[in-house]
Amino acid sequence: MTRILEGHGKGLFATQLIRKGETIFVERPLVAAQFLWNALYRYRGQVLPHPELCTVRKDLHQNCPHCRVTYCSAECRLAAAEQYHQILCPGPSQDDPAHPLNKLQEAWRSVHYPPETASIMLMARMVATVKQAKDKDRWIRLFSQFCNKTANEEEEIVHKLLGDKFKGQLELLRRLFTEALYEEALSQWFTPDGFRSLFALVGTNGQGIGTSSLSQWVHACDALELKPQDREQLDAFIDQLYKDIEAATGEFLNCEGSGLFMLQSCCNHSCVPNAETSFPENNFLLHVTALEDIKPGEEICISYLDCCQRERSRHSRHKILRENYLFVCSCPKCLAEADEPNMTSEEEEEEEEEEEEGEPEDAELGDEMTDV
């Protein structure tokens with residue numbers, strides 16, 4: 001169905017006709033991890049009307065017998081144990097702030113505030129996967145296939161993730177990362193240059209993952225055939241539920257994280273994509289679906305921009321892509337708009353100012369962080 005072209009970067013191409021709406025492929029991540037601030041917000045139980053529409057199967061949930069972390073099923077718990085959790089399980093020290101992994105996570109939360117785009121625990125699971133593996137070289141080869149950057153580009157990515165004081169913060173994270181997880185087979189990852197490269201790999205290749213059992217329940221409720229009065233009552237309940245959740249958790253409405261997907265990482269960007277990524281199974285299985293008919297030999301492109309960003313001017317789109325992914329887009333839309341002036345509209349400038357105001361003040365972050 002698809003082939004990978006390597007050389008000047010990577011690309012994914014169709015080998016046969018793919019129809020609009022067709023699932024091109026479904027992929028499981030090599031590793032994935034929930035964002036750390038997101039994971040702190042444990043939601044209270046809620047009795048819902050029409051409970052038969054809820055997809056959560058609490059009867060299938062299982063805990064690690066040592067650290068009590070919860071998994072959605074026995075299969076999920078065993079898969080984690082076989083891949084990385086034997087190394088990362090803190091056992092009875094789950095809530096001990098002096099545990100090396102807890103110190104690392106607290107340090108990360110103190111430098112990477114919401115909105116989150118990465119997690120130090122994704123890197124930790126990469127290391128733990130190699131440490132547990134019988135064939136360590138195989139996993140090292142898999143991780144090495146992700147896009148790499150030059151030293152200057154890597155610094156830009158780390159700067160974007162950690163802010164102006166990134167050098168001091170990166171060194172502290174490297175020290176804590178080494179104390180918690182050092183592995184001889186990956187010794188290069190623990191050097192200053194190697195750790196920066198690992199950061200950059202996750203920063204440029206990490207695919208955001210978002211799931212919400214609540215939204216699935218709401219969509220199922222929307223499809224119910226109800227009497228007008230019952231529909232009004234249900235809609236009012238749902239509206240109030242969202243308000244209550246927002247008041248309690250702010251922006252942490254969904255379960256969010258990121259993962260490394262081998263095939264998806266080969267898909268290049270276009271401002272007029274012919275495919276899109278989604279997580280319709282409400283887990284970490286990524287679906288890539290055709291947005292239009294894709295002919296044999298045609299490249300399969302997704303967009304690194306959201307719908308609103310894609311509607312911005314060419315200048316604004318290029319600014320976002322340069323800052324976050326370090327490349328200049330030459331898709332058909334950008335080439336067609338090449339003669340447009342390099343200006344940002346007043347509306348777009350206002351949106352960018354609002355986004356910047358919502359970001360934490362990096363200048364207030366010190367070079368060193370206090371462990372809590």
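The following refers to the structure shown. (Residues numbered from 1 in each chain as written. Predicted model: local features only at pLDDT ≥ 70, side-chain atom pairs only at ≥ 80, totals over all residues. Heavy atoms only, no water.)

1. Overview of the overall build of the chain
Formally: Only DSSP runs of H or I covering at least 4 residues are called helices, and only runs of E covering at least 2 are called strands; the numbering of each starts at the N terminus. In this description, contact between two residues means that some pair of their heavy atoms is separated by no more than 4.5 Å. Reported accessibility uses the Shrake-Rupley method at a 1.4 Å probe radius. Residues are deemed covered only where the shown protein chains occlude them.
Regarding its fold elements, the chain presents 14 helices and 12 strands. Relative to all contacts within the chain whose residues are 6 or more apart in sequence, the contacts with residues 24 or more apart total 73%. With the model as given, the accessible surface of the chain reaches about 20600 Å², and the carbon-plus-sulfur share is 49%.

2. Describing unusual backbone geometry
With omega at 0°, the peptide bond leading from Pro114 into Pro115 counts as cis. Here Pro115 lies in the loop between helix H3 (100-109) and helix H4 (120-132). Here the phi dihedral of His50 falls at roughly 55°; this positive angle occurs in a residue that is not glycine. Summarising the element assignment, His50 is placed in the loop between helix H1 (36-40) and strand E5 (62-63).

3. A few points about the sheet that holds strand E4 (residues 31-34)
So the rule is basically this: Here the rule is simple: two strands pair whenever DSSP picks up at least two bridges between them. To obtain each axis, a line is fitted to C-alpha atoms, and for helices this fit is confined to the stretch in contact; angles are then taken between N-to-C directions over 0 to 180 degrees.
Across the sheet, three strands lie side by side as E4-E8-E7; this open sheet has antiparallel pairing. The open sheet terminates on both sides in strands that have one partner only, identified here as E4 and strand E7 (207-211). Neighbour-to-neighbour, the strand axes of the sheet open up by a mean angle of 30°, direction not taken into account. One ladder, built from four bridges, connects E4 with strand E8 (residues 255-260); its direction is antiparallel.

4. Structural notes on empty space enclosed by the protein
Stated formally: Every definition here rests on a 1 Å grid over the protein atoms only: cavities are sets of points where a 1.4 Å probe fits but cannot get out, pockets are open sets enclosed by protein on both sides within 12 Å along at least five of seven lines, and lining residues have some atom within 4 Å of a point. Grid points are joined across faces, edges and corners, and a volume is the space filled by probe spheres set on the points. Gly is put with the polar residues, along with every residue not named as nonpolar or charged; the nonpolar set is Ala, Val, Leu, Ile, Met, Phe, Trp, Tyr, Cys and Pro, and the charged set is Asp, Glu, Lys and Arg.
Inspection of the entire model under this criterion finds one cavity of 30 Å³ or more. The computed volume of the largest cavity comes to approximately 40 Å³. Along the walls of the largest cavity sit Cys147, Asn148, Lys149, Glu154, Ser197, Ala200, Leu201 and Thr204, which together make up its complete lining. For the lining of the largest cavity, the element with the most residues is helix H8 (residues 192-205), which contributes four residues. Counted by class, the lining of the largest cavity contains three nonpolar, three polar and two charged residues.

5. Some words on the pattern of salt bridges
Oppositely charged side chains can pair when the atoms bearing their charge come close. In plain terms, the rule: The salt bridge definition used is simple: a Lys or Arg side-chain nitrogen within 4 Å of an Asp or Glu carboxyl oxygen. Note on exposure labels: buried denotes an accessible area under 20% of the residue type's maximum, exposed denotes more than 50%, and partly exposed covers the range between, all computed with a 1.4 Å probe on protein chains only.
Enumeration over the complete set of coordinates arrives at 10 salt bridges. Asp59 serves as the salt-bridge partner of Arg57, at 2.8 Å between the closest nitrogen and oxygen. Accessibility expressed as a relative area gives 45% for Arg57, which makes it partly exposed. Residue Glu183 pairs with Lys131 through a salt bridge whose shortest N-O separation is 3.5 Å. On the criterion of sequence distance, the pair formed by Glu183 in the loop between helix H7 (166-181) and H8 and Lys131 in helix H4 is long-range, its members being 52 residues apart. Classification of Glu183 as buried rests on a relative accessible area of 12%. Look at Lys131 and you get partly exposed, because its relative accessible area is 22%.

6. Observations regarding the packing of aromatic side chains
What counts here: Here a pair means two rings of Phe, Tyr or Trp (six-membered ring of Trp) with centres within 6.5 Å. Their orientation is stacked below 30 degrees between planes, edge-to-face above 60, and tilted elsewhere. Placement of a charge over a ring requires the Lys NZ or Arg CZ to be within 6 Å of the ring centre, with the centre-to-atom vector within 35 degrees of the ring normal.
Counted by the stated rule, this structure contains 12 aromatic pairs. A centroid spacing of 6.4 Å and a plane angle of 75° characterise the contact between Trp217 and Phe237, whose relative ring orientation is edge-to-face. With a gap of 20 residues between them, Trp217 in helix H9 (residues 213-222) and Phe237 in helix H10 (residues 228-249) connect regions that are remote in the sequence. Overall, Trp217 belongs to the buried group, its relative accessible area being 0%. Put simply, the rings of Trp108, Phe177, Tyr182, Phe190, Phe195 and Phe199 touch in pairs and so form one group of aromatic residues. Over the face of the ring belonging to Trp139 we find Arg138, whose NZ or CZ atom lies 5.1 Å from the ring centre.

7. Topic: the pairing of E7
Because side chains alternate across E7, one face comprises the buried residues Gln207, Ile209 and Thr211, and the other comprises Gly208 and Gly210, none of which is buried. Alignment of E7 against E8, held across five bridges, turns out to be antiparallel. Bridge assignment links Gln207 to a residue of E8, and that residue is Gly259.

8. Let's talk about the environment of Glu156
By secondary structure assignment, the location of Glu156 is in helix H6 (residues 151-162). Separated by 169 residues in the primary sequence, Glu156 and Tyr325 have C-alpha atoms spaced 9.6 Å apart.

9. Quick notes on the sheet that holds strand E10 (residues 275-278)
Pairing is antiparallel across the open sheet formed by three strands, whose spatial order is E3-E11-E10. Either end of the sheet is taken by a strand with one partner, and the two such strands are strand E3 (23-27) and E10. On average, each strand axis in the sheet is inclined to that of its neighbour by 15°, with strand direction left out of account. Strand direction decides the pairing type here: E3 and strand E11 (residues 286-290), joined by four bridges, are antiparallel. Across the sheet, Val26 pairs through a bridge with His287, a residue of E11.

10. Concerning the side chain of Asn38
Relative to the assigned elements, Asn38 resides in helix H1. Not counting chain neighbours up to four residues away, the residues in contact with Asn38 comprise Glu116, Phe252, Asn254, Cys255 and Glu256.

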